[in-house]
Amino acid sequence: METNKTYQKKIDGLISIMKESGFLNDKKVELAIRKMPRHEFVPLSNKDEAYEDKPISIMKNQTISQPSVVSRMTELLDIKEGQKILEIGSGSGWQTAILSYLVGDGKVYTVERHSELAEFAKKNLEKLRNSNVKVIFGDGNLGLVEEAPFDRIIITAACKKVPDILLEQLSVNGLLIAPVGGYPQSLVLLKKTNQGIIEMQNQPGYVFVPLLGKIDETK
Ligand code: SAH
């Protein structure tokens, strides 16, 4: 889908702001952000704010993540065309759309525990005709065993510990990124090797809504 002129200027502004603050260094990720219009993924009443570098409330007390954070997680995941990706926490579907753009003829599976949000993400992704995406309503703590293993796994909600089941569903040489810890969280990038799990990156200072479900039913 082509981004219309009204939003083009705003996207340019957002890209500049992200770069000035040290985010968005990868050209392919920049292109994905340009091609997947964020205003299609926010509630109607928030369209004007879609290109500000901030999270926006969607439904069920959840948020569409901040663009600079989405760019950082996507860059760290080092996505290649043709890969199979699992995302936990579809929310609006915007991060999903960016992943879907980058994998090309690969596939993105995204799991969301709120049925309303799973529907919201699905509708938003359909607007862009992203056909390499499947939205699944369910508990992401369980992963998606029928489609495992995955080349990449991204958790877009804060977890106290990365669920072991998700590490089991990661390919050897695969990467997993997640915000881990209490408040604030660290973005942790893990690699699965034949020798075990290696922590590749640990960047403190991020805030995400919590990963709920099987492990923590507090909300
Ligand atoms: N990537 C999304 C982020 C949404 S916020 C976006 O930018 O729009 C995190 C999402 O994780 C919320 O939609 C929340 O409902 C979902 N979530 C939390 N716990 C989950 C779980 N156990 N399984 C699946 N989704 C979960």
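Look up a bit, the structure's there.
One structure accompanies this document, and this report is about it. (Residues numbered from 1 in each chain as written. Predicted model: local features only at pLDDT ≥ 70, side-chain atom pairs only at ≥ 80, totals over all residues. Heavy atoms only, no water.)

### Things to note about the pattern of salt bridges
Summed over the entire model, instances satisfying the criterion amount to 10 salt bridges. As a salt-bridge pair, Lys27 and Glu30 come within 3.6 Å of each other at their nearest N and O atoms. Of this pair, Lys27 and Glu30 are both found in helix α2 (residues 27-35), 3 residues apart, which corresponds to roughly one turn of the helix. Residue class for Lys27 comes out exposed when judged on its relative accessible area of 62%. Assessed through its relative accessible area of 9%, Glu30 is described here as buried. Among the ionic pairs, Glu116 bridges to Lys60, the shortest N-O distance being 3.3 Å. With Glu116 in helix α5 (residues 115-127) and Lys60 in the loop between β1 (56-57) and β2 (63-64), this pair connects stretches of sequence that are 56 residues apart. (Salt bridge = Lys/Arg side-chain N within 4 Å of Asp/Glu carboxyl O. Helix = DSSP H or I, 4+ residues; strand = E, 2+ residues; numbered from the N terminus. Buried < 20%, exposed > 50% of the residue type's maximum accessible area, 1.4 Å probe, protein only.)

### Re the packing of aromatic side chains
Overall, the coordinates contain 2 aromatic pairs when judged by the stated rule. Aromatic pair Tyr7 and Tyr51: ring centres 5.9 Å apart, planes at 55°, arrangement tilted. Of this pair, Tyr7 sits in helix α1 (residues 5-20) while Tyr51 sits in the loop between α2 and β1, placing them 44 residues apart in sequence. Residues Tyr7 and Tyr51 agree in their burial class; the two are buried. A centroid spacing of 6.1 Å and a plane angle of 70° characterise the contact between Tyr109 and Phe150, whose relative ring orientation is edge-to-face. One end of the pair, Tyr109, is in strand β4 (residues 107-112); the other, Phe150, is in strand β6 (residues 150-155), and 41 residues separate them in sequence. The aromatic ring of Trp94 is capped on one face by Arg38, whose charged end is 5.3 Å from the ring centroid. (Phe/Tyr/Trp six-rings, centres within 6.5 Å; stacked < 30°, edge-to-face > 60°. Lys NZ or Arg CZ within 6 Å of the ring centre and 35° of its normal.)

### Some details on the sheet that holds strand β8 (residues 185-193)
The sheet built from 7 strands is open, its strands ordered β5-β4-β3-β6-β7-β8-β9 with mixed pairing. The open sheet is flanked by β5 (133-137) and β9 (196-206), the only strands paired with a single partner. Averaged over all pairs of adjacent strands, the angle between their axes in this sheet comes to 15°, without regard to strand direction. As judged from the 4 bridges shared by β6 and strand β7 (residues 170-180), these two strands associate in the parallel manner. (Pairing = 2+ DSSP bridges. Axes fitted to C-alpha atoms, helices over the stretch in contact; angles between N-to-C directions.)

### Brief notes about the environment of Lys60
Judged by its relative accessible area of 40%, Lys60 falls in the partly exposed class. Between the alpha carbons of Lys60 and Phe23 there is a distance of 29 Å; along the sequence they are 37 residues apart. Non-local contacts of Lys60, meaning those with residues more than four positions away in its chain, are made with His114, Glu116 and Leu117. Among the polar contacts listed, one links the side chain of Lys60 to the side chain of Glu116, at a separation of 3.3 Å. (Contact = heavy atoms within 4.5 Å. Polar contact = N/O pair within 3.5 Å; in protein donor to acceptor, adjacent residues only side chain to side chain.)

### Looking at the site of the ligand
Taken together, the neighbourhood of the ligand is formed by 26 residues, with Ser92, Glu112, Asp139, Gly140 and Leu212 sitting nearest. Separating a nitrogen atom of the ligand from a backbone N or O atom of Gly89 is a distance of 3.4 Å. Between a nitrogen atom of the ligand and a main-chain N or O atom of Leu212, the distance comes to 2.4 Å. In the complex, 99% of the free accessible area of the ligand, which totals 580 Å², lies under the protein chains. Of all the cavities here, the one that holds the ligand is the largest pocket. Considering only residue class, the shell around the ligand consists of 9 nonpolar, 13 polar and 4 charged. (Near = heavy atom within 4 Å. Areas by Shrake-Rupley, 256 points an atom, 1.4 Å probe, with all protein chains shown as cover. 1 Å grid on protein atoms, 1.4 Å probe; cavity = no way out; pocket = protein on both sides within 12 Å on 5 of 7 lines; lining within 4 Å. Sits in = over half its atoms within 2 Å of the grid points. Nonpolar A, V, L, I, M, F, W, Y, C, P; charged D, E, K, R; others polar.)

### Re the layout of surface pockets
Roughly 550 Å³ of volume is contained in the largest pocket. Together, 35 residues line the largest pocket, and Thr63, Ser65, Thr156, Ala157 and Val209 are the ones closest to its centre. Taken together, the elements giving at least two residues each to the lining of the largest pocket come down to β2, α3 (67-77), β3 (84-88), α4 (94-103), β4 and β9. Its residues assigned to classes, the lining of the largest pocket comprises 17 nonpolar, 14 polar and 4 charged. (Points joined across faces, edges and corners; volume = space filled by probe spheres on them.)

### Observations regarding the nonpolar core
Counting residues in hydrophobic clusters, the biggest one holds 47 residues, and the most contacted among them are Ile33, Leu77, Trp94 and Ile98. Among the elements that take part in this core, α4 stands out by supplying 6 residues, more than any other. Those residues within four positions of Ile33 in sequence are excluded, and the remaining contacts are Ile15, Met18, Leu24, Ser71, Trp94 and Ile98. Core analysis: the next-biggest nonpolar cluster, separate from the first, contains 21 residues, Tyr109, Ile153, Val162 and Leu190 among them. (Core = buried A, V, L, I, M, F, W, Y, C linked by side-chain atoms within 4.5 Å.)

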